[in-house]
Amino acid sequence: MLTEEIRPKAASGRVLRCVPFGGEDIVGRMAPNFEKTLREEVAKLAKRLSITETKAFAVWYGLIALRLNEQEALEAASYDGGNDRGADFFFVDDEWERVVVAQWKYYKSSKKTPGAADLAHLFNLPTELSDAQGLRDDGREDLAEAAEALEEARDRGYALDLRYLYPGVKSKQRDREPERLVRAFNRKNRSEEISAQIIRLENLEIAYDDYKGSASRVSEGELEVLGDGFLEEDGPYGKAFVATVPGTSLAALYEMYGNRLFDQNVRLFLGNRKGSVNAGIRDTLEEKDERGNFWAYNNGITIVARHVDPTDSEDGLRLQDFSIVNGCQTTVSIAEASDAAANDVAVVARIIAADDPELIDRIIRFTNSQTPINVWDISARDKLQQRLRKELDDLDDPWFYALRRGDFDALEEKKRYGERGKRRVLAFPLGAQYLAALRGMPVEAYKEKALLFSTHKGQVFTPDTNSADLLWAWALGKATEAAVPDVREQLGGDELGEAILKRGARFFIVSIAAQLLRERNGDDFVARVGVENLFSKSMGTRLAKYAALATLYYVQILRSLVDSAGEIGTMIRRPETADDIEIGIKERLIAERLAPKALDERLPKLPGIK
C-alpha cells in the first residue's frame, strides 16, 4: 500500500504516516462519483420544484447540510436575483445560535474556483445587511426583512456564518489565494463572531454522507505517542489503549483527512463563539504560558477503530478503520492554531478497538453526553411521544412517526407505510410545529420552536393528545404547503403579497385553516371525522379549499396590519398578531355568511358533518 509521509511540527522529528484510501488523494478519488450524484439530484429537484438548477443547488444544500425541510430551504434560497447584494441564501439557525448567509455558484465545471472579487462580495455582506431601510428603498423588502432578522439575532448573541458554495474540486494551486483571503477575514473578524468559509465538493460530500448515514471511517493511519508509551486495557468492549498524543500528531491527521476524521462524531466543528468551550480552547492555545497546562485542562479525545496495534517501535499506535467520535472541537482547534501552539500541547487519547455497531453507538452517545442536545431530541423519548408512535403504527393504514433523523431510512421494510413517493411518514418536530399552529399558536410555532417542547409543551402536547390530532395537523400542513405556491402565482408580481407568504407563513395559515374548520364544522371536528377518511380524495379536495382561502385571508389581514402598524418581520414575531388574525377571520366570516350558498361552495363542510 502506498503511504504519504507528513513531517509533524513536533521537535522530536518523528514521522506520522497517514495512509489515505488505497493510497489516493481522498477528494480526487471520491469527488467524481459524488459530483455525478449531486448533479443528478439537483436536476431532479429543479424539475420537481420548477426552479432553475442553479437555485435547486442552494435548496439541495439547505436540505442536506442544514437539515431544513423543503419549504424552509426554498424560503432560505429565495433571496437571489437582481440587486441581491450578494445575499443569495439566508437562514436564522436557532438550534446553533447562528445566522447562515451564503452565496453560490453552480459551476458546470468542477475545476472552477471563486476569485477574489467573488469573495469580496461575501465579505461585504455584513455591511450590505446593516441598512434595512436602504434595502427597502431599493425595492428589496425581502432583504430588508433579512437585515432586521439578522440584527435581532445578533442582539441575542448569534454568530454570523458566511458561506460560499460551489461544486468544485479543491486544487492546491487554484485555492491557495481564496483560502488565504478567508483566513485573513476570519482573523480580522474573530472578536465580532463573524466567520467565512468556502464550501466545495469535498465539504458537500461530507454533509451528504452524514445526511445519508453512509459516511466511512478513515482507512488507516498512525498516532504518535509521547512519554513512556501507552496503557493497554482489555474488557467486554474489546481492546483499548490510553496514551498522551502530541498536538502535532492530531494536526497532521486533520491536515490529511479534514472532517472525514469525524464521520462518526455527533457533530462537526462548531466554531469559537465568545464564551463557548471552543473559545476557551482557543484562548489556551494562544497563550504561551498556558499551553503547558493544556493536557490538564482538556478532557481528551476518544477514537473508535476496527483494529489497533502498537507500531514496531512502540512509539505509536497503528489504527485501521477509525474515527474520532469525541474530540472534534479539540482536534480542529489545535489544527487551526499556530505551529508553536500545536508543538507545545498534548492531549489524552483513548483508542478503543470495537466492531459491534450497537456498542460503538453507545460509546459515541456516552462520550458526547456533555454536548448540548436539541430539546426536541429529549422530548422524543417521552412516554407520550412513544404512545403516539404506537397509535400511529397501529392504524389500519399505519403511519411512521419519525422521532429521530434517519429513523425511517433505517427501516428494512418501508412498503408497510406506502409506496415510494406516497409514504405515510410524519416527521418530528415539524409535526409539533403544525400541531401548535392547529391549536392556535402560530407565533410560537414559527418563532419559538424549542419552547414547544418545554415552556409550551403542556399546551401543544396535552395529556389527551392522540394520533388524530397529529394527523389533522399534518394534513393541514401539507394542504397549506400546496396552497401557498398556487396563491403566490396568482398574486403575480405583488411584491408585498409574495413577501407575506415567505417566512413562517405556513404556520399562520394552518392556524387560520383550523379556525375556519372549527367555525364551519364545530370545535370537535377532529374527533368527529375519523382518520380513515382524512386522506381520502374528497377530504383532500375540501382541505385544499380551506387552505387556499386561509392563505388568501392571511395575505389580506397581514397586509392591513403592515400598512397600519409596521413591517412583516415585526408582525409575525409579536404574540398579539395571532389575536389580530383571529379577529380578522371572524369579521370576514360574518360577511361570508351573508351569502350562505357561496360560503358552502368556498368552505364545504367535511364528509359526515351536516
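Residues numbered from 1 in each chain as written. Predicted model: local features only at pLDDT ≥ 70, side-chain atom pairs only at ≥ 80, totals over all residues. Heavy atoms only, no water.

**Side note on the sheet that holds strand β5 (residues 159–165)**
What the four strands build is an open sheet, ordered β3-β4-β5-β6; its pairing is mixed. Of all strands in the sheet, those with a lone pairing partner are β3 (89–93) and β6 (194–199), marking the two edges. Pairs of neighbouring strands in the sheet enclose a mean axial angle of 20°, with direction left out of account. Of the strand pairs in this sheet, β3 and strand β4 (residues 98–104) are connected by five bridges, and their pairing is antiparallel. Residue F90 lies in a different strand from β4, and its bridge partner there is V101. Packed on one face of the sheet, helix α4 (residues 116–123) meets β4, β5 and β6 and runs near 155° to β5. (Pairing = 2+ DSSP bridges. Helix = DSSP H or I, 4+ residues; strand = E, 2+ residues; numbered from the N terminus. Axes fitted to C-alpha atoms, helices over the stretch in contact; angles between N-to-C directions. Contact = heavy atoms within 4.5 Å.)

**What about the confidence of the model for the protein chain?**
Residues at a pLDDT of 70 or more form 85% of the protein chain, whose mean pLDDT is 82. Per-residue pLDDT stays below 50 along residues 1–31; that stretch engages in 72 contacts with residues further than four places along the chain or on separate chains. pLDDT under 50 marks residues 266–277. Its contacts with residues more than four places away, or in other chains, come to 36 contacts. (pLDDT = per-residue confidence, 0-100.)

**What to know about helix α7 (residues 141–155)**
With 15 residues, α7 extends 21 Å between its outermost C-alpha atoms, agreeing within 8% with the 21 Å of an ideal straight helix rising 1.5 Å per residue. At its buried positions, α7 is contacted by β3, β4, α6 (132–137), β5, α22 (495–500) and α26 (568–571). Downstream of α7 by one or two residues, G157 has phi in the positive range, about 95°. (Expected span 1.5 Å × (residues − 1).)

**A look at the environment of V169**
Residue position: V169 is located in the loop between β5 and α8 (172–189). Residue class for V169 comes out partly exposed when judged on its relative accessible area of 22%. On a C-alpha basis, the gap between V169 and E35 in space is 9.2 Å, while along the polypeptide they are 134 residues apart. (Buried < 20%, exposed > 50% of the residue type's maximum accessible area, 1.4 Å probe, protein only.)

**Describing a negative patch on the surface**
Together, E232, E233, D234 and D309 make up a negatively charged patch on the protein surface. It is strand β8 (residues 230–235) that contributes the most residues to the negative patch, three residues altogether. Tracing the sequence through the fold places E232 in strand β8. Given a relative accessible area of 40%, E232 falls into the partly exposed group. (Patch = residues over 30% accessible without salt bridge, like charges linked within 9 Å, V, L, I, M, F, W, Y side chains within 5 Å. Areas by Shrake-Rupley, 256 points an atom, 1.4 Å probe, with all protein chains shown as cover. Salt bridge = Lys/Arg side-chain N within 4 Å of Asp/Glu carboxyl O. Lys, Arg positive; Asp, Glu negative; His and termini not counted. Charge placed at Lys NZ, Arg CZ, Asp CG, Glu CD.)

**What to know about the pattern of salt bridges**
All chains considered together, the criterion is met by 36 salt bridges. The residue E179 makes a salt bridge to R200 at a minimum N-O spacing of 3.4 Å. Of this pair, E179 sits in helix α8 while R200 sits in the loop between β6 and α9 (201–212), placing them 21 residues apart in sequence. The class of E179 is partly exposed, set by a relative accessible area of 22%. With its nearest N and O atoms 2.8 Å apart, the salt bridge here joins D394 to K390. Overlapping salt bridges bring together K170, D175, E179, R200 and E202 as one network.

**Focus: the packing of helix α18 (residues 430–438) against helix α23 (residues 505–521)**
Where α18 meets α23, the closest approach of the two axes is 7 Å, and the angle between their N-to-C directions is 45°. If you check the angle between α18 and α23, you find them oblique. α18 and α23 meet at a crossing whose hand is right-handed. Counted together, L430, Q433, Y434, A437 and L438 of α18 and R506, F507, V510, S511, A514 and R518 of α23 form the full contact between these two elements. Considered class by class, the residues forming the contact of α18 with α23 number seven nonpolar, two polar and two charged. (Parallel < 35°, antiparallel > 145°, perpendicular 65-115°, else oblique. Left-handed = near helix turned anticlockwise from the far one by under 90°. Nonpolar A, V, L, I, M, F, W, Y, C, P; charged D, E, K, R; others polar.)

**Thoughts on the side chain of N298**
Mapped onto the elements, N298 comes out in the loop between α12 (294–297) and β10 (301–310). At 2.7 Å, the side chain of N298 and the backbone nitrogen of G300 are in polar contact. Polar contacts involving the side chain of N298 include one to the side chain of T330, which spans 3.0 Å. Residues within four places of N298 in sequence aside, it is in contact with I281, T330 and V347. (Polar contact = N/O pair within 3.5 Å; in protein donor to acceptor, adjacent residues only side chain to side chain.)

**Focus on the nonpolar core**
Counting 78 residues, the largest nonpolar core has F461, W472 and Y554 as the members making the most contacts within it. Counting residues per element, this core draws most heavily on helix α25 (residues 537–565), which supplies 13 residues. Not counting the four nearest positions on each side in its chain, F461 is found in contact with L384, Q385, L388, Y401, F428, A432, L435, F453 and L470. One finds A243, V245, A251 and A341 within the second-largest nonpolar core, a separate group that totals 36 residues. (Core = buried A, V, L, I, M, F, W, Y, C linked by side-chain atoms within 4.5 Å.)

**Focus: unusual backbone geometry**
The step from F428 to P429 runs through a cis peptide bond, and the omega angle for that step is 15°. Structurally, the position occupied by P429 is in the loop between β14 (425–427) and α18. Backbone geometry places R67, a non-glycine residue, at a positive phi of 60°. Relative to the elements of secondary structure, R67 occurs in the loop between α2 (53–64) and α3 (70–76). Overall, R67 belongs to the partly exposed group, its relative accessible area being 24%. Even without being glycine, D321 reaches a positive phi, approximately 50°. Tracing the backbone shows D321 in strand β11 (residues 316–326). D321 sits in the partly exposed class, given a relative accessible area of 31%.

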